[in-house]
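Survey of secondary and tertiary structure
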Amino acid sequence: MFSLETLMLHHHGRVPSESMPQLLQKPEDVLFVFDDLDQCKHSLDPSAHALCSDPSQAATVSCLVASLLHGSLLKGAAFAVATRPTGCLKFLSGTRVEVLGFLKPQREAYFKGFFTDPAAANKAHMHMERTLGFYDICTSPRFCWTVCSVYKSLMDAGAKLPETLTQLYVDILVHLVQTLSLNEACNRELVFALGKMASHCSLDRHSSCTKEEMDSFGFQRFLTSVGVFLQVDGDQLDGRVFSFHSQLMQEFLLAVSFYLDSSTSVAKMLEKHKSSAKFVDIFLSGLSEQLQRRPLETLLGELNSNQIMDFKCWFKSSSEAILKGCYKDEHHRCFHLLHQAQNESLVKEIITPSARLGIRYGDLSLEDCAALNYVVTCLGEMEQLNLYRTRNLTEEQAGMLAPTMSISHKIILSGSSLSPGAVSHLASALSRGFSKELDVSETYLGDEKFKVLCSGLRDCKLHTLKLVVCNLTEAICGDLVSVLTSATSQLCVLDMRANQIGDQGFIKLSKVLHSPLCKLQELQLQRCELTGASMEALSTALCSGQSELRKVNLTQNVIGDRGVEALCKSLQHPLCKLQSLNIFDNELTGACCPYLMEALMSEHCSLSELDLSVNDLGQEGALLLCQALSRPGCQIEKLGLKRCELTQSVFKELSSVLRSGTSQLKSLIVGINAVGDQGVKHLWDAVAHPSCLLEDLDVEMTGLTDACIMDLCAAVRASKTLKSLEMRNNTLTNASVPALIQVMQDSHNMQEINLKYNDFCEEVFNMLNECDKIRY
């Protein structure tokens, strides 16, 4: 217990006793500076203390500090508080300033000022940025001074510069130990004592130790020498306090002392220090490699081989378990330890085929980028680099990850925010790598950044490019044409959904299909603001004999009947290779059905998939389609007619088609057509027929009731092909459940029936749970 007056006189050291009365009488002239308040282990929240106002009143140190910060003690005094971001100091009010420290330009300037030789400054700075620049600690001016001092000493001696943080601190410790000129046994004893002190400071959150505590650590013989390693405050020996110059050195000595001891396991040691030591496992990993610890062993003797083996066994077993999971932070920690070890064979030993490296690694720090890049480059390739929803991929981060991007088969950046510099690095990585798929959907790239990306797309090996919702317009279509007609282009799948390219942009793209260099086979153009005006250009391209297009999706455009008429001309052409056409929700009417019938009746039509859902085709139009489907040579295997205003008569004709023995239909989607039990009964009869090949049937929201169950069950039992039934949003009740469960359990070919949003009560949920083929 101290009073504020006593505390300042005896522990500040620079306040003369004769000045104290004036200081206490004019507090508005006083500035208190508190450093590292986040390290205080006691609460400083004023609400947790009985605050004092008398400078002569004795209280705990934490109460005195809380009273000062609250203003009840020495009211009017000013305060400057330096702290790391922490929730325990939220009560502080006043102006807050975030101190960023040295960013890359400031570090470069600092190195130029430290080294008199510009070439040496450049060499040192480049080396630091490559090996350490990704650590947050590099923003600290003190750390930059430390690095410069170590580098200068090593460069003057013609020695190799450190490649890792561990090697840097090995060099620092070796230099400090050498200044004392002790023998090996004393060196080992001193470093072990420093490790004990580091453990004490870490566990008790103490930033300093008394002489009594130092004696308990084993410093009795070294108190006159510890100034080489520690900061020593106070004049009299018994009143001195000792502290580490940096948290990093404290943690490094903690790691070294673990390898000098055999009293605990690595698992226990890390568990004990997990909340207070950020880098200790990093240092343990680096020191476990002989190449990195060798300079230290020349002064301390060999580190404990059993402890080293204990760390390696712990690391291998914990990493295998972590990498089978899907927690990205744990994956990153494993990568950091591998990065610090700098052992390629260890990476290949730890990263087994069972490791799940395809999980989302979005929102990486620069340090995470460096570690991930090291691991992947050691492996030589990555199946999937998943950076989904990276909120701000900077130029520096992308530059760090560029080598990984270039050797990743699939790159996922969907939902991310990419800086212009990041896009440039991505383009460069694509041009020199072997990536097969890139997904930048929902990145809102815009035209300008996409043009930058095209510089890499023109000379890459991509097969699939996904550009969904990228804010692209007609302006980029010329660049896209140059990509697709590049002599090296291998692009087969282009997904441009929800971009405003419009008719003029699509006409430009259609022209590229005439080129023998264009290898496009699939084009996704949902919601691209297309109309019938651009369909003639597509139709011409499909008939050119050069187009390799097999699949076109025009969902939710407005091509209308006129657009379908143009497309149907190409479907009858012998050179058209189109196999899948999706014109879902395109404002079609029954007027387009004669053209579709004519196309499907053509012997040259190669369509196997046709989706006309959410168009008002009506009974007359749909019956024309059924007539075409009855043609013996019709190749349609998948047909979508959801919400097309179909009637019972149409369902009857579809039943006839399915039972004809010539139909190839395997998937039929006719949901959201209000035909009721009587209409769908025609389909149950067809499913039960031996000539029917249906595998998937969708009758969602068709007005089915319990009355259909007998026919449904008979159809499922008779069918040798049916695998899936979609029956959501009908009005089946609990009465149907036993029969549905029984038929699904009895059927060998049925894999799934979806019964969601029917009129079931909770009392049958347990029964439905008994059958894993039923979704409800």
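Report follows, based on the coordinates. Within each chain, residues carry numbers counting from 1 in the order of the written sequence. Reporting of local features is limited, given that this is a predicted model, to residues whose pLDDT is at least 70; pairs of side-chain atoms are given and counted only at 80 or more, and all residues count toward the totals for whole chains, interfaces and linings. Only hydrogens and water are removed before side-chain values are computed, so all heavy atoms of the structure are retained for them.

To continue, consider the overall build of the protein. Secondary structure follows DSSP: runs of H or I at least 4 residues long count as helices, runs of E at least 2 residues long count as strands, and numbering of each begins at the N terminus. A count of helices and strands for the protein gives 31 helices and 20 strands. Its C-alpha atoms put the protein at 110 × 65 × 60 Å along the principal axes. Here's how the labels work: a residue is buried when its accessible area is under 20% of the maximum for its type, exposed when over 50%, partly exposed in between, all with a 1.4 Å probe on protein chains only. The burial tally for the protein puts 51% of its 776 residues in the buried class. Considering only contacts within the protein whose residues lie at least 6 apart along the sequence, 80% involve residues at least 24 apart. Each accessible area is a Shrake-Rupley estimate made with a 1.4 Å probe; only the visible protein chains count as cover when residues are assessed. Just so you have it, the protein exposes about 34700 Å², and 50% of that area is on carbon and sulfur atoms. Charged side chains in the protein number 70 positive and 89 negative. The centres of these two groups are separated by 4 Å. A contact between two residues is defined here by any heavy atoms of the two lying within 4.5 Å. Think of it this way: Lys and Arg go in the positive column, Asp and Glu in the negative one, and His and the chain ends go nowhere. Throughout, a charge is located at the NZ atom of Lys, the CZ atom of Arg, the CG atom of Asp or the CD atom of Glu.

With that out of the way, let us pick up the side chain of Ser608. Here Ser608 is to be found in the loop between α25 (593-601) and β14 (609-611). Other than its neighbours up to four places away in sequence, Ser608 contacts Gln579, Gln635, Ile636, Glu637 and Lys638.

Here a salt bridge means any side-chain nitrogen of Lys or Arg lying within 4 Å of a carboxyl oxygen belonging to Asp or Glu. Going through the model one piece at a time under the given rule, you end up with 30 salt bridges. Ionic pairing is found between Arg643 and Asp616, a salt bridge with its closest N-O pair at 2.8 Å. Highlighted residues: Arg643 in the loop between β15 (638-640) and α27 (648-658) and Asp616 in the loop between β14 and α26 (618-629), separated in sequence by 27 residues. According to the relative accessible area criterion, Arg643 is partly exposed, its value standing at 31%. Across the pair Asp746 and Arg717 runs a salt bridge whose closest N-O atoms are separated by 3.6 Å. Of this pair, Asp746 sits in helix α30 (residues 737-746) while Arg717 is found in helix α29 (residues 709-718), placing the two residues 29 residues apart along the sequence.

Pairs of packed helices are described in terms of their axes, by the angle between the two and the distance that separates them. To get an axis, fit a line to the C-alpha atoms, keeping to the stretch in contact for a helix; angles then go from 0 to 180 degrees between the N-to-C directions. Where helix α7 (residues 165-178) contacts helix α13 (residues 290-300), the axes come no closer than 8 Å and their chain directions differ by 15 degrees. Taken together, the axes of α7 and α13 lie roughly parallel to each other. For the pair α7 and α13, the crossing hand works out as left-handed. Contacts from Thr166, Gln167, Val170, Leu173, Val174, Val177 and Gln178 of α7 reach α13 at Gln292, Pro295, Leu296 and Leu299. Grouping the amino acids of the contact of α7 with α13 by side-chain chemistry returns seven nonpolar, four polar and no charged. These descriptions rest on fixed angle ranges, namely under 35 degrees for roughly parallel, over 145 for roughly antiparallel, 65 to 115 for roughly perpendicular, and the rest for oblique. Each crossing gets its handedness from the near helix: less than a right angle anticlockwise from the far helix is left-handed, clockwise is right-handed. Lys, Arg, Asp and Glu make up the charged group, whereas Ala, Val, Leu, Ile, Met, Phe, Trp, Tyr, Cys and Pro make up the nonpolar group; the residues left over, Gly among them, are polar.

Overall, antiparallel pairing links the three strands, which are arranged β3-β5-β4 in an open sheet. Looking along the sheet, the strands with just one partner apiece sit at the ends: β3 (209-210) and β4 (230-233). For two strands to count as paired, DSSP must find a minimum of two bridges between them. Strand direction decides the pairing type here: β4 and strand β5 (residues 241-244), joined by four bridges, are antiparallel. In the strand pairing of β5, Gln231 is matched with Ser243. Across the face of the sheet, helix α8 (residues 184-204) comes into contact with β3, β4 and β5 while running at roughly 90 degrees to β5.

The subject of this paragraph is helix α17 (residues 366-379). Expected helix span is computed as 1.5 Å times (number of residues minus one). Compared with an ideal rise of 1.5 Å per residue, which puts 14 residues at 20 Å, α17 spans 20 Å between its outermost C-alpha atoms and is within 8% of the ideal. α17 sits mainly inside the fold: twelve of its 14 residues count as buried. Residues Leu366, Glu367, Asp368, Cys369, Ala370, Ala371, Leu372, Asn373, Tyr374, Val375, Val376 and Cys378 constitute the buried set of α17. Here the buried face of α17 lies against α15 (328-341), α16 (344-350), β6 (382-386) and α18 (395-406).

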